[in-house]
Amino acid sequence: MQEIAEHKRSEATLQQVQTHLEKERGFLKAILDHLTEGIVACDEKGDLMLVNRATCDFYGLPEVPMPTEQWADHFDLYLDDGKTPMQPQDTPLVRAFQGEIVHETEMVIVPKLGKTRTLLTSGRAFFDTAGNKLGAVVAMHDISDRKRAEIDRERMEAALRHTQTQMIQAEKMSGLGQLVAGIAHEINNPISFIHGNLNPAAQYAYDLLKLIDLYHAQIPVPNPATQAFIEEIDLEFLRQDLPKLLNSMQSGTERIREIVLSLRNFSRLDEAEMKAVDLHKGIDNTLVILGNRLKPKAGQPGIEIVREYNNLPMVECYAGQLNQVFMNVLNNAIEALDERSAIESLEAHYNTLPSESTLQYVPTITISTEVLPHKAIAIRIIDNGSGIPEHIRSRIFDPFFTTKPVGKGSGLGLSISYKIVVEKHDGQLQCYSKAGQGTEFVIEIPILQPEPKPLTSHPVAKKHFELSGHDRARITCGNLGSYENLVGG
Ligand SMILES: Nc1ncnc2c1ncn2[C@@H]1O[C@H](COP(=O)(O)OP(=O)(O)OP(=O)(O)O)[C@@H](O)[C@H]1O
Ligand SMILES: [Mg+2]
């Protein structure tokens, strides 16, 4: 009887314990199911033991028991780039189970049902007091909204940068063009009348000298006051120097007129339309404008220009815009040559025995032109300046990328040139460089421009960067494409 009573008591206790455990499990499950974070846990064998409701929501599937290593396969799990499929051993729970402390690792899930999500996962294995592994747990936080907001923000920023670049470019182009045209116009009038009056002035001077000769023939011995004045002004020297002086004034005004004409041609405000032009003239005009920067400066030799022009046909283009490209590329070349000259002269200063290269360094820009087989022309602008270090070569066409001091470079020259050549002219702009030795820019322009195409038929522009040889960079711009594609907008 007593045994039966005891049995009943222990059964009741067991029942109580079971009820209590049941209640506790229900309580824990309720807590886990009310968390917005996904929780998954496996036991000491690595079998999945716990999946809370938030996890089921993430995966878009009802709770199904499944070995952890099948997760990556069953659900489409990807690494943080959202493209590389996750290997079973890479799933956070498997990694945690294997002893790794997983800390804020991003994972992308593309469930068969439900939407793609980005989860931030953290987890680790857990042990009993004796140090035996009991299992592993991973918590997952849904950061999809934050990710989407980040992508939207990046897109907006890129769009904003693009608009800003275009505005600055438009302002720079029209501002420069107007300024140049305005100055050219202002200088043109006064210089025209100086130039126009030089011939009559020379004639008057010649007549006056002749008159003096006539007086001298009549009065071979002038009175002492006249004689003193003749000596004071050194009449003989004046007579010889005046024609030379007038000649140099003449060539000076001619040079100014040439520069003014180049400035007007350069800005070509009158030529907003596509026209067939002689590109050699465009390059030469640009060089005339840059003339002052090619001259020797304190401690620096002048820049030598080597023209290797071949016969070029007239090329259909926006002449003013291409001049802008020549200006940007030549400006960069001059700056790179100045930089190297400064380094060379510093080296020369500190070396008592100058190296051979120091003695021989002649800053040079070589401009060569040729017709290419595929009905295009190529203009190569090569400098033996400072060169472009490899680590920045892929960035030189990016808007606002500059290595120049604040206030000196805006970092827009090449991005604008790129846009003009590739987008406006269906051409290519390539750059080859060797740090410390020089740079070559190749501008390729089709001889004839295609009929305007509807925007949708444009192939997507590609900008890719490849290295040929050890240190030659080649940046190739594909066919025609929208600028948005190029700058990632
Ligand atoms: N010929 C060259 N030699 C060496 N570096 C060059 C050359 N051309 C361009 N670069 C590099 O590319 C960068 C970008 O050139 P980019 O013309 O776009 O801008 P920038 O010259 O810095 O400024 P700006 O807007 O005044 O032209 C330069 O800062 C320079 O580092
Ligand atoms: Mg520049």
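Anything mentioned here points back to the structure above.
Here the structure is a predicted model, which is why all the values come from computation and not from measurement.

Criteria and thresholds
Residues numbered from 1 in each chain as written. Chains lettered and ligands numbered in written order. Predicted model: local features only at pLDDT ≥ 70, side-chain atom pairs only at ≥ 80, totals over all residues. Heavy atoms only, no water. Core = buried A, V, L, I, M, F, W, Y, C linked by side-chain atoms within 4.5 Å. Buried < 20%, exposed > 50% of the residue type's maximum accessible area, 1.4 Å probe, protein only. Helix = DSSP H or I, 4+ residues; strand = E, 2+ residues; numbered from the N terminus. Phe/Tyr/Trp six-rings, centres within 6.5 Å; stacked < 30°, edge-to-face > 60°. Lys NZ or Arg CZ within 6 Å of the ring centre and 35° of its normal. Pairing = 2+ DSSP bridges. Axes fitted to C-alpha atoms, helices over the stretch in contact; angles between N-to-C directions. Polar contact = N/O pair within 3.5 Å; in protein donor to acceptor, adjacent residues only side chain to side chain. Parallel < 35°, antiparallel > 145°, perpendicular 65-115°, else oblique. Left-handed = near helix turned anticlockwise from the far one by under 90°. Contact = heavy atoms within 4.5 Å. Nonpolar A, V, L, I, M, F, W, Y, C, P; charged D, E, K, R; others polar. Near = heavy atom within 4 Å. Areas by Shrake-Rupley, 256 points an atom, 1.4 Å probe, with all protein chains shown as cover. 1 Å grid on protein atoms, 1.4 Å probe; cavity = no way out; pocket = protein on both sides within 12 Å on 5 of 7 lines; lining within 4 Å. Sits in = over half its atoms within 2 Å of the grid points.

In this structure, what is going on with the nonpolar core? I would like to understand it.
One broad trend across soluble globular proteins is that nonpolar side chains are buried collectively. Ranked by size, the top nonpolar core spans 44 residues in total, and within it Leu279, Ile365, Ile379 and Ile443 carry the most contacts. Contributions of two or more residues to this core are made by helix 8 (279-289), strand 9 (315-317), helix 10 (319-350), strand 10 (364-372), strand 11 (376-383), helix 13 (413-425), strand 12 (428-434) and strand 13 (438-446). Top contributing element to this core by residue count: helix 10, with 10 residues. Phe58, Met107, Ile109 and Leu119 belong to the second-largest nonpolar core, a separate cluster that totals 24 residues.

Teacher, can you tell me more about the packing of aromatic side chains here?
Two descriptors summarise a pair of aromatic rings, namely the distance from one centre to the other and the angle between the planes of the rings. All told, the structure shown has 1 aromatic pair when counted by the stated rule. The ring centre of phenylalanine 97 lies 4.1 Å from the NZ or CZ of lysine 133, which sits over that ring.

Help me understand the sheet that holds strand 2 (residues 48-51), please; the structure alone is not making it clear to me.
Hydrogen bonds along the backbone pair up the strands of a sheet, which may run parallel or antiparallel. Strand order in the open sheet formed by 6 strands is 2-1-6-5-4-3, with antiparallel pairing between adjacent strands. Lying at the two open borders of the sheet, with one neighbouring strand each, are strand 2 and strand 3 (76-78). Put simply, the sheet's adjacent strands are angled 30° from each other on average, direction ignored. Pairing analysis gives 3 bridges linking strand 1 (residues 38-43) to strand 2, with the strands arranged antiparallel.

Honestly, the side chain of threonine 286 in this entry has me stumped. Any pointers?
One can find threonine 286 in helix 8. Among the polar contacts made by the side chain of threonine 286, one reaches the main-chain carbonyl oxygen of glycine 282 at a distance of 2.6 Å.

Looking at this structure, how should I read unusual backbone geometry?
Most of the time, phi is negative for any residue but glycine, and the peptide bond is trans. Despite not being glycine, aspartate 234 shows a phi value in the positive range, around 50°. Structurally, the position occupied by aspartate 234 is in the loop between helix 6 (224-232) and helix 7 (235-267). By relative accessible area, aspartate 234 is classed as partly exposed at 39%. Backbone geometry places lysine 375, a non-glycine residue, at a positive phi of 50°. Along the chain, lysine 375 turns up in the loop between strand 10 and strand 11.

I'm lost on the packing of helix 8 against helix 10 in this one. Help?
How two helices pack is summed up by the angle between their axes together with the distance between the axes. One way to put it is that helix 8 packs onto helix 10 with a least axis distance of 9 Å and a crossing angle of 50°. By the angle class used here, helix 8 and helix 10 are oblique. Like other packed secondary-structure pairs, helix 8 and helix 10 cross with a definite hand, here right-handed. Contact residues: Leu279, Gly282, Ile283, Thr286, Leu287 and Ile289 in helix 8; Leu322, Asn323, Phe326, Met327 and Leu330 in helix 10. Partitioning the contact of helix 8 with helix 10 into residue classes produces 8 nonpolar, 3 polar and no charged.

When you look at the sheet that holds strand 11 in this model, what are you seeing that I'm missing?
Taken in spatial order, the 5 strands line up as 8-10-11-13-12 in an open sheet, and their pairing is mixed. The open sheet has two free edges, formed respectively by strand 8 (304-308) and strand 12, since each of these has just one partner strand. Each strand axis lies, on average, 15° off the axis of its neighbour in the sheet, ignoring direction. Inspection of the sheet shows strand 12 paired to strand 13 by 7 bridges, in the antiparallel sense. Bridging across to strand 13, glutamine 430 finds its partner in valine 442. Contacting strand 12 and strand 13, helix 13 crosses the sheet at an angle of about 140° to strand 12.

What should I look at first to understand the site of ligand 1 in this one?
Near ligand 1 there are 21 residues, and of these Thr402, Thr403, Lys404, Ser410 and Leu414 occur at the shortest range. Here an oxygen atom of ligand 1 and a backbone polar atom of leucine 414 are 2.8 Å apart. Taken by itself ligand 1 offers 600 Å² of open surface, and the protein chains cover 91% of this. According to the grid-proximity analysis, the pocket containing ligand 1 is the largest pocket. Looking at the shell around ligand 1, the elements with two or more residues in it are helix 10, helix 13 and strand 13. It is helix 10 that contributes the most residues to the shell around ligand 1, 3 residues altogether. In terms of residue class, the shell around ligand 1 is built from 8 nonpolar, 9 polar and 4 charged.

Could you clarify how one ought to interpret the packing of helix 10 against helix 13 in this entry?
Close contact between helix 10 and helix 13 brings their axes to 9 Å; oriented N to C, the two are set at 145°. The crossing of helix 10 and helix 13 is left-handed. Contacts between helix 10 and helix 13 involve Gln321, Leu322, Gln324, Val325, Asn328, Val329 and Asn332 from the former and Gly413, Leu414, Ile416, Ser417, Ile420, Val421, Lys424 and His425 from the latter. For the contact of helix 10 with helix 13, the class distribution of residues is 7 nonpolar, 7 polar and 1 charged.

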